[in-house]
Amino acid sequence: MFSAEQSCWFIRKVICWRAAASIAWAVLLLPPSTAIFVFLSKFSVLHPIQTISECFSMLTSATAIFSFILLCGVIIMVGFLNFEYYTVIPTIACSKIALFGQLLHPRQLVNSLVHCIMGMIVAWCSAVTIGFRYETLGHPCAQTDGYHQMCLNEYHLILLLGGAFVGFSHSLLGVIHNMNYVSFHTVQQYKYLRFKGCLPLVVRCSATQALYSVRNFIVVYYFLGYIPRTWICKTLNLHLGSSAHPLDSIAGLLDLSLLYHLWISATFLLFTWYIMLLLFRIFLTEGYSFPVQSSFTEDADHCLPKVLTEKQPMLLKFLALQDLALLSQHSPLRRCEVFSLSQPGGHPHNWNAISKECLSLLADLTQRLVAYHDTVATNGRAKSLSSGSERKTSSETSGTEDFMSPRPTAFMKTPASVFARSIAGGQQSPLTAPFTPDLDSPFMSPALRRLAAPVEQGSPWYGTVQSPHIMRRVPKLWSTSTDSQVNGSPPPSPASVPSDKQEPSKPSFLAQFLQNRREQVKNFLAKRVLIVYLFNKLPEASSQALFADSQAHIWALEGLSYLVQASFSEDQFGVVQTTLPSILSCMLVLQEAVDRHFKLPHASSKPVRSTSSMGDSTYKTLRFALRATLKTAIYRITTTFGDHLNAVQLSAEHRKRLQQFLEYKE
């Protein structure tokens, strides 16, 4: 764990100040955003000058100032939630049930409730800013006994509920799309340029997501809008106004002005929150330069070799690895400090600590890949054995499995007395009533459908036994013949001739048992389908979860390979040469494990990048970036040292693999 002193240093001097700076900039950007929202909400093509004057009067009123204070409070709260829930390693749900577990987690439920309340506050500020029919929740509607009755303003109510719904949807989509995931860009940019480049994406995502949220809210309000409306009327002692078209009807919800104001309010809400999220990501992922070594003992915990070995918080480790990758490429002076020897003693402590931590990260990823591949291979063998065991014959199964298996009813052997009781009920086909199969069942064969088809009363075959072997209509004495055996019924006796006076008998015990068993099979299959849907692994999810923290391994590979490359001309004491065999072996083993992983299903398929959400989806392609970085790192070392690598002590397998890189055949 992170020591209390060092954690306090990093959080107090780095994270808190960066989060506070992002909140401050979001608050400073709130007045121009509010002004644009007011202009768009009051814009009129026929009266442009009047629109501008109304906007100025509204922005300078006391109501606008109070609304601005509330919006600042909401922005600060959103920034605090971003600071509380951010992560540099995304949480990937490998199944539907895991995703439901994340959505129903108590911590997430509290987050959704807070977003719902904040959405309602922003919607109230929007309603007050728009004015007109949205300004207040109640209005005087009638006068009885000398005082005015207050009626519910449903336009104000629907705007408030719309804001709450958008806030709740934003919280759920944040879990689904991993909006709390903070990624590091490959190319370092100034904060202003990065913000300027992402601003069109924020506007597009806000407008698009607001449109979808308003559509969903209209559907929900159409079916369930009467519930909050009735509750508020009873709680606040308000009356329902006499309106020609209530808003929970099709005519009421097709009001274009209402739909426009709902959409523009939702867009303003999401835009302010997305701006806060963007600024938080930009400030938090800004590079931080750690000293390689320090002359003072109290600052030793702030140096790069020491920080790399810490586990918490993960943001500190990621920033340290990012700094290592940058110094290995662009800072010759800091590289000399890495290759330097300690005084007194002459030990390469800096290089040993850095290389040990990087190799530990790469070895950990290799072990995870090997374990995952072994697990997949084991599951594959188990699956093949189970599928082979399912091909057993019916003679090897138990009696209960015989009833559960979908066999044609015509081939079941039953006592003759059962047929006698069933035939006595009336004129029926040889497939008697207790054993009449379900014609719509997917297990029914075409032959049984033809046998079980009803026969018209005018047909010459009505009242006789139907058999596919009978080709012409001739008188025939029915006895123990082949036809009756094919039909699955014993020869009827004269005593069992159907009579109109006999009542139809009840289904036999065996027929009821078979019917119940069939219903149990149907219920079992339905539950099995539901269980498979919830617990089945999502495609690519396991592979994405395996490489979720691969950004750290990418920086470790870049840092090691660039330092090894620079050591060819800058390492005066040869400190890198002692660990070069272990570095090459570790990279080659990881290369083999990655190649094996990409041969698995869904591992080599690239996901489609979504451009309509603020969720960062770069974690979905980290495995491809790692594979390219690993191959580039090995080529960087081989092209620098060339044939000198033949003197490095490696195993025969690793030397053969390294020769492929030396000959540019990999």
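Residues numbered from 1 in each chain as written. Predicted model: local features only at pLDDT ≥ 70, side-chain atom pairs only at ≥ 80, totals over all residues. Heavy atoms only, no water.

To continue, consider the packing of aromatic side chains. This model, assessed by the stated rule, comprises 20 aromatic pairs. Arranged with centres 4.6 Å apart and planes meeting at 20 degrees, the rings of Phe37 and Phe268 form a pair that is stacked. Taken together, the positions of Phe37 in helix α2 (residues 30-42) and Phe268 in helix α11 (residues 256-284) put the pair 231 residues apart, joining distant regions of the chain. Judged by its relative accessible area of 4%, Phe37 falls in the buried class. An aromatic cluster of at least three residues, connected via ring pairs, comprises Phe83, Tyr86 and Phe280. (Phe/Tyr/Trp six-rings, centres within 6.5 Å; stacked < 30°, edge-to-face > 60°. Helix = DSSP H or I, 4+ residues; strand = E, 2+ residues; numbered from the N terminus. Buried < 20%, exposed > 50% of the residue type's maximum accessible area, 1.4 Å probe, protein only.)

Here we take up the pattern of salt bridges. This model, assessed by the stated rule, comprises 13 salt bridges. One salt bridge connects Asp255 with Arg133, and the closest N-O pair in it is separated by 3.0 Å. Of the two residues, Asp255 is situated in the loop between α10 (250-253) and α11 and Arg133 in the loop between α6 (106-130) and β1 (138-144); the sequence distance between them amounts to 122 residues. Judged by its relative accessible area of 22%, Asp255 falls in the partly exposed class. Across the pair Glu570 and Arg335 runs a salt bridge whose closest N-O atoms are separated by 2.9 Å. Of the two residues, Glu570 is situated in helix α22 (residues 550-570) and Arg335 in helix α14 (residues 332-339); the sequence distance between them amounts to 235 residues. Through salt bridges with shared partners, a single network forms among Lys311, Lys317 and Glu357. (Salt bridge = Lys/Arg side-chain N within 4 Å of Asp/Glu carboxyl O.)

To continue, consider unusual backbone geometry. Look at Asn178: it is not a glycine, yet its phi comes out positive at around 55 degrees. Inspection of the secondary structure puts Asn178 in the loop between α7 (154-176) and α8 (191-224). According to the relative accessible area criterion, Asn178 is buried, its value standing at 5%. Phi at Tyr664 takes a positive value of approximately 55 degrees, unusual for a residue other than glycine. As for its placement among the helices and strands, Tyr664 is situated in the segment after α25 (652-662). The class for Tyr664 is exposed, based on a relative accessible area of 57%.

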